[in-house]
Amino acid sequence: MFKLSDKIKIQHRLLTRLLIFSILITSLPLLLTGKVLVDTAQESIQKTILDRNFEFTIRSTRLVDFKLNTARDIINFQVKNPSIYQMSKSPVELAINTIVQEFDLFNKISVIDTVGKVIATTAFDDQSSATFAANGVMANVMRGVSYRSDVYVSEEHLPMLDIAEPIKLYDDVVGALYAVVDLKAMWDLVQENVVGSKGEAFIFNRAGVYIAHSDPKKVYAKQTFKNREIIDKIALEMNGQLIYTTDDGIEMVAAYAPIGQYGWGAMIQQPTSEAFAPAHSMRLRIIQFMFGTILLASLIAYLYSKWIVRPVDHLVQGMERFSQGELNYRVEKVSNDEIGTLAENFNDMADRLIEYQNTLKRTERLETLSKLASVLSHEIRNPLNSMVINMQILKREFSKEPLNRARVENFYHILAAEIKRVDQLVSDFLLIARPQKLEKTKTALNDLLDEVLVLHSAEALKKGVRIEREYEKKPVCVEVDPGKMKQAFLNLVINAIQAMPGGGKLTIELKNSDSVSKVKQKLKGSYAKISFKDTGTGIKKEDMSKIFDFYFSTKENGTGLGLAIVQQIIDDHQGKIAVQSKVNHGSTFTLYLPQE
Amino acid sequence: MVDKIVSREVNLFRLKNIGFALRLGVAAGLSILETLPLFAQSANHLASRPIIIGDLIGRTDIRELRILTKHGAVAVLGAGNDRPFEIVNLTPQTIELQFHASYDLEENNPNKIAFKFYETERALISALILEEVDFTVLENEVSAAEVSQANSHFLPYPLSMESNTVKLIIYNHRNPILKPTKVRVALSYAINHETIVKNIILGGKADIARGPFDEKSPLYNPGMESYKFNPKMAIQLLAESGWNDSDGDGILDKGGTPFRIHLLYQKGVIIDEAISRQIKINLIKIGVDVTPRPLTKIKINDQLGASEFDAVLIDYTFENNLQSLVEFFSANGAKNYMGFRNNTLENYVKFYHEVQDPAKQATLIKSMQGVINREQPVTFLYFKWLTHYLVNVNKFDNFRDGSARGRIRPFEEWIIKNPGN
């Protein structure tokens, strides 16, 4: 038979298994789906961002290209303007000043004749034009070749570009239109392409010098873009997108593209922490949702498992109580499923079991009675024989004269003793054969033991037996039938005294449940412990299994009912009795009586 | 320009003391500059807590430069033992002033003021963005916004202009070309005031000017002619004055003299350059050849004093009183750089002194404005509403006073946020 704790373990294992299974069955698909979803979303967002940045970059390069081409187109258009090629000062001044006023792209425009003289200029301080006119570029332009300088940074820290176009009258070059293009005009384009709050957009030349930057400070400070790999790719007119780490240790998602034929590059970049923040945020939300769902599923699984296990739990509890002797306990039917059917079947089985038990009890009792009757008749026959013999002797004594009164009295006592013995046999028999209903009352076992010991202390002393009491200070109170329990204690005390014919020590120990080693006895609940430890002859190993049998005794005059009665009484109180014994060292009888 | 914003007194001082500039003359000015290195000395004898003020050579005449201290406006190049500071460095690009050790300053107050002068507004903007300068004034709202956008340490604070601060073109009446009233009136008709206000003063944050007083002035004469852009009228008036393009070169001429004038403007000032270009474009269309010429403020003042100019684009602030008008337009006015003389106006001035009734006096001032409006000794362009000062707010605190205009406090009262750095 399995124990209560095992049942509980089984019950808990069942709940745990069900719970784990339910959680797994809901969580695993969710986790897998979530993982796929997160990966897909992240990949998709990252790709979208990379594509967007790339598109922005391409658009930016086109706009810059367009703007620069516009500058060139304006200049090309103007050189075909009669106002210009006629090289008359006033119309030329009007034309070029109007251009500078209308287009912020131009910092300065000058018209120079073939000998390098400045005909007109929008620069009211015309030194730069003079410089241009003086340098070697002029000669080429005058030969009909267009000119475009590299980007340079002005004294005002602004990126500039010079362009010059020959002015032709028919096929003859009559001068040149020279313009300083202020690349600051592109800064707005760059600014428009900044993505996010921490993003950057910039344009750099072949050397990496910033021409435009969303952080204009970098242009003013003449800073350079240092990623050689990208600069080289731009030089090869390659475009692309990448994730790289800047010198400052910031991971950037970037897109780059070359700008027309200038050898410049446009780049848009954004820290990945910001660019992919939506992906991270989405992932976080999905993970939160997943865990939230798992938590909810776990809660539901727990409640469902509890709901599943509850009838089993009831069943287990019912079995447990049934096994503990509550034979009238029936399992409540809490569901209409298989478990409910099982409960019904269990209850039917319990009913039948009780029926069988009653039948068995009746059979056993009859068998016992038969055996008792047989033993009793045998036991009674001896005193009866003795009585018959002594009665005959007594009769003979009464016929003698003078009457020997002393002998008569002796035989009388013998007869009386035999009668008493028969009476005792019958009483004991009745005690076993007709168990009386217990009349339990809360009783202090200390007092009960003392009452027994008072009666037998004199006899014990006479036989050289010293009785020691080891009671707990606190009274040990148990619901018992005092008369029956006193009988049990008496039998054990007598048994102990008889086991020490040469004298010895009887130690009676009484403890409350708190002190009882329940683990050793595998008891559940509170039990009072009463032990009777003697230093007598002990019990042989082969007799240990028989000492509680009826009419088993190793003593010459023993009835063999004493310990059987003790067990009967203890069983009636739902207690336990345990024996430890060693030949020639003594025995210890320990009683456990339930306290609750 | 900075000193102009520091206080109204500074502005007035500049113009009131133009005579001082004139007296010094070119030679005197040069001699001062030549002796500048003599003033240069180590500024490190005291723990340095400077404010670096950026300005343009085109709008600052260091001879007029004054700074506002707790005890009033003090001329930077002045003399006397009661000055709270000494000049520790003086070059054409830099002036460094060190407050005396005994001067009442807290440890977090600046003890040194350094002026750095730039050739162009763009260069000044670069210096601001790179934090080479702590404070400046930018007339151009777009430039102020650009600095602030590029460097968040700088915040632009708009400051409403003083009343009657007008942008105008002064004509030299000693020049025979510009002497006839019809010619000046024609020029006023030919200049597109509206385009200047709308396109150059972005957002049109200016009012077109008709005379020396703005519309809020109690002395404003609403009956004045607006000289709305009318190039045909301008051509007609010039023709009536004998100016025609006889040789077909696009430039008017009269008696073999082409209509060519120089327009002086403050070097490196973006708005002035743009206005000069606009004037050039407008006038070239009517056959007047204008050559804008950027000059430093010192040179402009010198040339004004010496009457060596045709036309000058300047800012001027008129007081709401007769004296201010007389000073500028009367034949004996200290600031009548134009050489303008009008008997009617002179008579009004006399009458003004004879009548005691303020209402009549006001009427006379309005009548004087009528004369000025008719005669156009100058072309009034606009009254600008705002200017902007920029402060490195990462470095300084306590730089604004509690006035509604939010004017700048004396520099030595500013608080350096981290004096140890």
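Residues numbered from 1 in each chain as written. Chains lettered and ligands numbered in written order. Predicted model: local features only at pLDDT ≥ 70, side-chain atom pairs only at ≥ 80, totals over all residues. Heavy atoms only, no water.

The α-helix advances 3.6 residues per turn, and as a result positions three or four apart in sequence lie on the same side. All names here are of chain B. Look at helix α13 (residues 358-375): 25 Å from first C-alpha to last across 18 residues, which is about the 26 Å you get at 1.5 Å a residue. Of the residues making up α13, those classed as buried are Gln361, Ala362, Leu364, Ile365, Met368, Gln369, Gly370, Val371, Ile372, Asn373 and Glu375. Packing partners of the buried residues in α13 comprise α6 (181-190), α11 (322-329), α12 (343-354) and β16 (378-384). Note on α13: the residue one or two positions beyond its end, Gln376, has a positive phi of about 45°. (Helix = DSSP H or I, 4+ residues; strand = E, 2+ residues; numbered from the N terminus. Expected span 1.5 Å × (residues − 1). Buried < 20%, exposed > 50% of the residue type's maximum accessible area, 1.4 Å probe, protein only. Contact = heavy atoms within 4.5 Å.)

Each side of the interface is counted separately: chain B has 28 residues, and chain A has 23 residues. Summing both partners gives a buried area of about 2000 Å² for chain B against chain A, and 59% of it is carried by carbon and sulfur. In this assembly, chain B and chain A are joined by four salt bridges. Of the charged contacts in the structure, one is a salt bridge between Asp289 of chain B and Lys89 of chain A, with a shortest N-O distance of 3.4 Å. If you list the elements that add at least two residues to the side of chain B that touches chain A, you get α4 (121-129), α5 (141-150), α9 (270-285) and β14 (289-295) of chain B. Among the elements that line the side of chain B that touches chain A, the one with the most residues is α9 of chain B, at eight residues. Grouping the amino acids of the side of chain B that touches chain A by side-chain chemistry returns 11 nonpolar, seven polar and 10 charged. (Buried area = accessible area lost by both parts, 1.4 Å probe. Salt bridge = Lys/Arg side-chain N within 4 Å of Asp/Glu carboxyl O. Nonpolar A, V, L, I, M, F, W, Y, C, P; charged D, E, K, R; others polar.)

The next subject is the side chain of Thr94 of chain B. Topologically, Thr94 of chain B is positioned in strand β5 (residues 94-99). Excluding residues that lie within four positions of it along the chain, Thr94 of chain B makes contacts with Asn89, Phe115 and Phe117 of chain B.

The next point concerns the pattern of salt bridges. Residue and element names in this part refer to chain B. A complete count under the given rule lists 44 salt bridges over all chains for this structure. The closest approach of N and O atoms between Asp289 and Arg260, which form a salt bridge, is 2.6 Å. Placement of the pair is Asp289 in strand β14 and Arg260 in strand β13 (residues 260-266), with a sequence separation of 29 residues. Here Asp289 falls in the buried class, since its relative accessible area comes to 1%. When its relative accessible area of 39% is taken as the criterion, Arg260 is described as partly exposed. A salt bridge links Glu273 to Arg277, with the nearest nitrogen and oxygen atoms 3.3 Å apart. Placement of the pair is Glu273 and Arg277 together in helix α9, with a separation of four residues, close to one helical turn.

On to the pairing of strand β9 (residues 165-171) of chain B. Two faces make up the sheet, and in a regular strand the side chains alternate between them. All names here are of chain B. Counting buried residues in β9 gives seven out of seven residues, a clear majority hidden from the surface. Here β9 shows a buried face lined by Thr165, Lys167, Ile169 and Tyr171 and a second buried face lined by Val166, Leu168 and Ile170. Across seven bridges, β9 lies against strand β15 (residues 311-317) in antiparallel orientation. Paired with Lys167 across the bridge in β15 is Asp315. By the bridge criterion, five bridges tie β9 to β16 in an arrangement that is antiparallel. Bridged to Val166 within β16 is Phe383. (Pairing = 2+ DSSP bridges.)

Residues and elements named next belong to chain B. At a closest axis distance of 8 Å, the pairing of α6 and helix α8 (residues 231-240) adopts a crossing angle of 165°. One element, α6, and the other, α8, form an angle in the roughly antiparallel class. Crossing handedness for the pair α6 and α8: left-handed. Between α6 and α8, the contacting residues are Lys182, Val183, Val185, Ala186, Tyr189 and Ala190 on the first element and Pro231, Met233, Ala234, Leu237, Leu238 and Glu240 on the second. (Axes fitted to C-alpha atoms, helices over the stretch in contact; angles between N-to-C directions. Parallel < 35°, antiparallel > 145°, perpendicular 65-115°, else oblique. Left-handed = near helix turned anticlockwise from the far one by under 90°.)

Residue and element names in this part refer to chain A. With antiparallel pairing, the five strands of this open sheet are ordered in space as β8-β7-β11-β10-β9. In this open sheet, the two strands that pair with only one neighbour each are β8 (210-213) and β9 (240-245). On average, adjacent strands in this sheet sit at an angle of 25° to one another, irrespective of strand direction. Here strand β7 (residues 200-204) runs beside β8; their pairing, made up of three bridges, is antiparallel. In the strand pairing of β8, Ile203 is matched with Ala212. Set on the sheet, helix α8 (residues 228-235) makes contact with β7, β9, β10 (251-259) and β11 (264-271); between it and β10 the angle comes to about 25°.

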